[in-house]
Amino acid sequence: MAVKVAEEWLNICGGCEVTILDIGEPLLDLLGQLNFVHMPVLMDHKYFGQTGDKDQMEIPEADVGIISGGVRTEKEKHVAEEMRKKCKTLVALGSCACYGGIPAMANMFPLADLYQKVYRDSKTTDPAETPAKDLPPLLDRVYAVDEVVPVDVSIPGCPTNPDLVVQALTALLEGKEFKLEERSVCDECPVKREKKAAGGQIKRTLDSVEFQQGQPWENTRCYMEQGYLCLGPVTLAGCGHKEEGNGTTVPRCIKGYMPCRGCFGPIRKGANPLVDMMTAISSIGLDAKQVPDRRALLNRYIGGQNRLRPLPARPR
Amino acid sequence: MKTITIYPVTRIEGHAKVTINLDDDGNVADTFVNVVELRGFEKFCIGRPVEELPRIVTSICGVCPWSHHLASAKANDAVFGVTPPPAGRKLRQLCNAVAYTEEHILHFFFLSGADYVMGPDSDYSVRNVIGIAQANPEIGKQVVRNRHLGSQMLNIISGKSIHPVTAVPGGFSKPLTEDERRQLLPMANEVLEFAKFAMAFAKENLFPKYLETVKTVGVINTGFLGTVTDDGTLDLYEGKARLMKPDGSYEEFPYDQYTDFIGEHIEPWTYLKFPYAKKWGPFSMDLDSPSGIYRTNSLARMNVCDQISTPLAQKELEEFREEFGRPVQFTLLYNWARLIELLYNAEKVVELLNDSDITSAETRVPVTPRAARGIGCVEAPRGTLIHDYETDADGLVTNVNLIVGTTHNNAPINMSVKQAAKTLIKDGTYDQGTLNKVEMAIRAYDPCLSCATHKLDGSIAVKIEIRNAKGQVVETLANW
């Protein structure tokens, strides 16, 4: 019998939904085993009945519920709670659902500052009071889904990897547990490492890393050891695609000759990538204090769960 | 008095609700759409190293991340005062064109097209891409395959198709190898064949059946904004803005003067602003005498451009104009215009892959931080996208202003919903198919409410106020 699936998106960009489509043709086979009962992005099932006649929000009961996006408003909190109630297994899909994601960078500022910027300090806008008439309340900050309701399965990534979605769905169809192995991006990165860096300067990505295109990856030196900040050491593995021909798995950004920015989040729950990264930088002889915009950069995708907060005002 | 709610609006990117209020005779009294989301990118980008922005702003939208990525990279070029080498520029254009094919297939077949393929009145349970796949397995397979080809191509070119990282200040971080180019060409040709099929299929089987709906639902009278080259040719990556009035006359401006032409109006009942043409008088969404209102996205681009540079799309544009004129105001024709653009971009991908510069190893120039302002614009699938950054001497961001495609269409979407509801609902008679047609007027704009609400929050809600003839609010409806 087909497994019933409900999908909801909260504080989202839609990238994780597109990732589901990026399963490609195998998706058509999977669809035969899945019965989507609710999925606003693709299906016309409505909360209050098809002509809107019902009083109560109704998300149908499902075996598997998938939530993408973090929780920003009271309304999203309500949807997350309704999904938890109606779904036997709840999956947090993508780094926004798992850790708050990039939108949780807003957690560095009090709401009032955001409103000021958008409605009074924008160069094209005719300034006005913050719209407030009957608008839904925002929560004080962006929350990860597991801060609001218990989550059974986490599949991080910004966006996540279609291969992982297939693995997770297949495991759920077979009634098995799905959990990502606690490995780092470096553990699956094919570049050459010598455990020491050339100099003491941390470089910004204002110039190209050195790379040997068209040659085996081990001929290219680790970007971090070239002096560019790369979050591979403190980031969960899982983003990589297998290359055609040689079958080497290459982390996505590394393939683009750009350093990792940590979009899969920490390797294990409760880890502190900021502290761990500082240790990693120092251990190869680079100056950890030189990382520009350190706090925001090292918490870019994981600002929920209280990792990013407004800083107290500096004493004058 | 009776209230009808459509919630959530489905098969669009983001969440929305429509509420329609009927008077005692069962006719539409009034509708008032209100989007209630913000996310705050303009705030939390401040303080970041500007070269990091192309990989932060992508998360404004997972459906059109390449548009934000490229607008941001172009704003970076301007901040640093550099011009990318030809291959860097062309690789960006290549990615833009591939991304367009993927997104237009996504919108037409996965989101909007189900209304035309399955019929607007078909049962809701089959009025979706799964229904299409079950009713027409071969088409379903081709749709899934060809959209996926786009993302596979982007993975080959850049490593990361969603939330890409390779457009950098000064160019593109990853050159294209000859092996990769050879791998891409057959994929590009397959997508081009599919684009031709999609255009022909829609013209033969879909649009003719619904021409009456097209000519009545969601039709409003507005101006249009799009990007063209110096000789008026459609361009999606660079050029000048052409702002066309409803009568077809237009003025043009370079994008770094956008603040002289575009203002953003705030209403107290919505977080989402209303961009308007500053020189056309005060902002008004009155259906009978709108003021300052222009539209963006595919239909706007077909209206403002004089011609298209690729042969098949140019032929389609001529046919489109012959049938509907210029400028054309029928909202549902956004879908037709989108298929012409699918064809254009599919042709463009093949053209760029055959460009001798495309495999050059010179794709990027180094940059040095400085205090400056830089404006980067592209045509995103949903409309003209403007990223405006200022930096300090260390290249840290001090100010950000963003105007995104869907936001330009905020007022037109409001107006089309109102017009559609008034046209379709008479004497209290409606069913789920009627309400779906109201949604079709929204879907035509392919609104990306994640993009539009980049400013603070995530989820999208819509509030509608019902006003009486005196403009007093008699009822307020919201989806939270």
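Everything numeric here is computed off the predicted structure, so don't read it as measured data.

1. Description of the overall build of chain B
Scanning chain B for helices and strands turns up 16 helices and 18 strands. The C-alpha atoms of chain B give a radius of gyration of 22 Å, which matches the 23 Å a tight globule of 480 residues would have. Each of the 480 residues in chain B was classed as buried or not, and the buried ones make up 71%. By sequence separation, contacts in chain B at least 24 residues apart represent 71% of the contacts at least 6 residues apart.

2. What about the pairing of strand E2 (residues 34-38) of chain A?
Residues in a regular strand project their side chains so that they alternate between the two faces of the sheet. Residues and elements named next belong to chain A. Burial analysis of E2 places 4 of its 5 residues in the buried class, the great majority of the element. Here 4 bridges tie strand E1 (residues 3-9) to E2, and the two strands are oriented parallel to one another. Looking at the pairing, lysine 4 lines up with asparagine 35 of E2.

3. With respect to the packing of aromatic side chains
Counting across every chain of the model gives 20 aromatic pairs over all chains. Here A:Phe211 and A:Tyr257 contribute two aromatic rings whose centre-to-centre distance is 3.7 Å and whose plane-to-plane angle is 10°, an arrangement assigned as stacked. You can see A:Phe211 sitting in the loop between helix H7 (185-188) and strand E8 (241-242) and its partner A:Tyr257 sitting in the loop between helix H8 (252-255) and helix H9 (273-283), a full 46 residues away along the chain. Arranged with centres 5.3 Å apart and planes meeting at 50°, the rings of B:Phe274 and B:Phe283 form a pair that is tilted. For B:Phe283, a relative accessible area of 15% puts it in the buried group. Following the ring pairs from residue to residue traces out a cluster consisting of B:Phe108, B:Phe109, B:Tyr116, B:Phe194, B:Phe197, B:Phe201, B:Phe207, B:Tyr210, B:Phe320, B:Phe324, B:Phe330 and B:Trp336. In this structure, A:Arg141 is placed above the aromatic ring of A:Tyr143, and the distance from its NZ or CZ to the ring centre is 3.9 Å. Taking the ring centre of B:Phe261 as reference, the NZ or CZ of B:Lys279 above it sits at 4.0 Å.

4. Let's talk about the nonpolar core
Formed by 218 residues in total, the largest nonpolar core has its most connected members in B:Ile20 and B:Phe110. Here this core spans two domains, since at least three of its residues come from each of domain 1 (3-104 + 133-173) and domain 2 (182-301) of chain A. Those residues in contact with B:Ile20 that sit more than four places away from it in its chain are B:Lys2, B:Thr3, B:Ile4, B:Ile6, B:Val28, B:Thr31, B:Ala421, B:Ile425, B:Leu435 and B:Val438. The next biggest cluster of nonpolar side chains, apart from the first, holds 28 residues, and it includes A:Tyr223, A:Cys230, A:Leu286 and A:Ala288.

5. Focus on the confidence of the model for chain B
All names here are of chain B. Per-residue confidence for chain B gives a mean pLDDT of 89; residues scoring 70 or more make up 91%. Scored below 50 in pLDDT, residues 455-464 shows 89 contacts in the model against residues more than four places distant or in partner chains. Scored below 50 in pLDDT, residues 474-480 makes 40 contacts in the model with residues more than four places away or belonging to other chains.

6. Remarks on the sheet that holds strand E1 (residues 2-6) of chain B
Residues and elements named next belong to chain B. A sheet is described by the order of its strands in space; here 3 strands give the open sequence E1-E2-E3, paired in antiparallel fashion. Each end of this open sheet is capped by a strand with a single partner; those strands are E1 and strand E3 (28-30). Each strand of the sheet is rotated relative to its neighbour by a mean of 40°, with strand direction disregarded. As paired strands, strand E2 (residues 18-22) and E3 are joined by 2 bridges and run antiparallel to one another. Across the sheet, asparagine 21 pairs through a bridge with aspartate 30, a residue of E3. Where helix H14 (residues 410-424) meets the sheet, its contacts fall on E2 and E3, and the angle it forms with E3 comes to roughly 155°.

7. A short note on the pattern of salt bridges
Residues and elements named next belong to chain A. In this structure the tally under the stated criterion is 50 salt bridges over all chains. Arginine 84 is paired through a salt bridge with aspartate 152; the nearest N and O atoms lie 3.1 Å apart. Pair noted here: arginine 84 is in helix H3 (residues 74-86) and aspartate 152 is in the loop between strand E6 (138-143) and strand E7 (153-155), with a separation of 68 residues, a long-range link. Aspartate 152 sits in the partly exposed class, given a relative accessible area of 43%. The partner of lysine 176 in a salt bridge is glutamate 174, and the shortest N-O contact between them spans 3.2 Å.

8. Observations regarding the packing of helix H3 (residues 86-112) of chain B against helix H12 (residues 334-353) of chain B
Residues and elements named next belong to chain B. Two numbers describe how H3 lies on H12: the axes approach to 8 Å, and their chain directions differ by 145°. The way H3 lies across H12 gives a crossing that is left-handed. Two secondary-structure elements touch here, H3 through Lys90, Gln93, Leu94, Ala97, Val98, Tyr100, Thr101, His104, Ile105, His107, Phe108 and Ser112 and H12 through Asn335, Arg338, Leu339, Glu341, Leu342, Asn345, Ala346, Lys348, Val349, Leu352 and Leu353. When grouped by side-chain class, the residues that make up the contact of H3 with H12 number 12 nonpolar, 7 polar and 4 charged.

9. With respect to the interface of chain B and chain A
With 116 residues of chain B in contact, the opposing surface of chain A contributes 88 residues. Carbon and sulfur atoms supply 59% of the area that chain B and chain A bury against each other, a total of about 8500 Å² over both sides. One can count 34 residue pairs in polar contact (both at pLDDT 80 or more) joining chain B with chain A. Top element by residues in the side of chain B that touches chain A is helix H6 (residues 137-158) of chain B. It accounts for 9 residues.

Rules behind the numbers
Residues numbered from 1 in each chain as written. Chains lettered and ligands numbered in written order. Predicted model: local features only at pLDDT ≥ 70, side-chain atom pairs only at ≥ 80, totals over all residues. Heavy atoms only, no water. Helix = DSSP H or I, 4+ residues; strand = E, 2+ residues; numbered from the N terminus. Rg over C-alpha atoms; globule rule 2.2 N^0.38 Å. Buried < 20%, exposed > 50% of the residue type's maximum accessible area, 1.4 Å probe, protein only. Contact = heavy atoms within 4.5 Å. Pairing = 2+ DSSP bridges. Phe/Tyr/Trp six-rings, centres within 6.5 Å; stacked < 30°, edge-to-face > 60°. Lys NZ or Arg CZ within 6 Å of the ring centre and 35° of its normal. Core = buried A, V, L, I, M, F, W, Y, C linked by side-chain atoms within 4.5 Å. Domains from an automatic or database assignment. pLDDT = per-residue confidence, 0-100. Axes fitted to C-alpha atoms, helices over the stretch in contact; angles between N-to-C directions. Salt bridge = Lys/Arg side-chain N within 4 Å of Asp/Glu carboxyl O. Left-handed = near helix turned anticlockwise from the far one by under 90°. Nonpolar A, V, L, I, M, F, W, Y, C, P; charged D, E, K, R; others polar. Buried area = accessible area lost by both parts, 1.4 Å probe. Polar contact = N/O pair within 3.5 Å; in protein donor to acceptor, adjacent residues only side chain to side chain.

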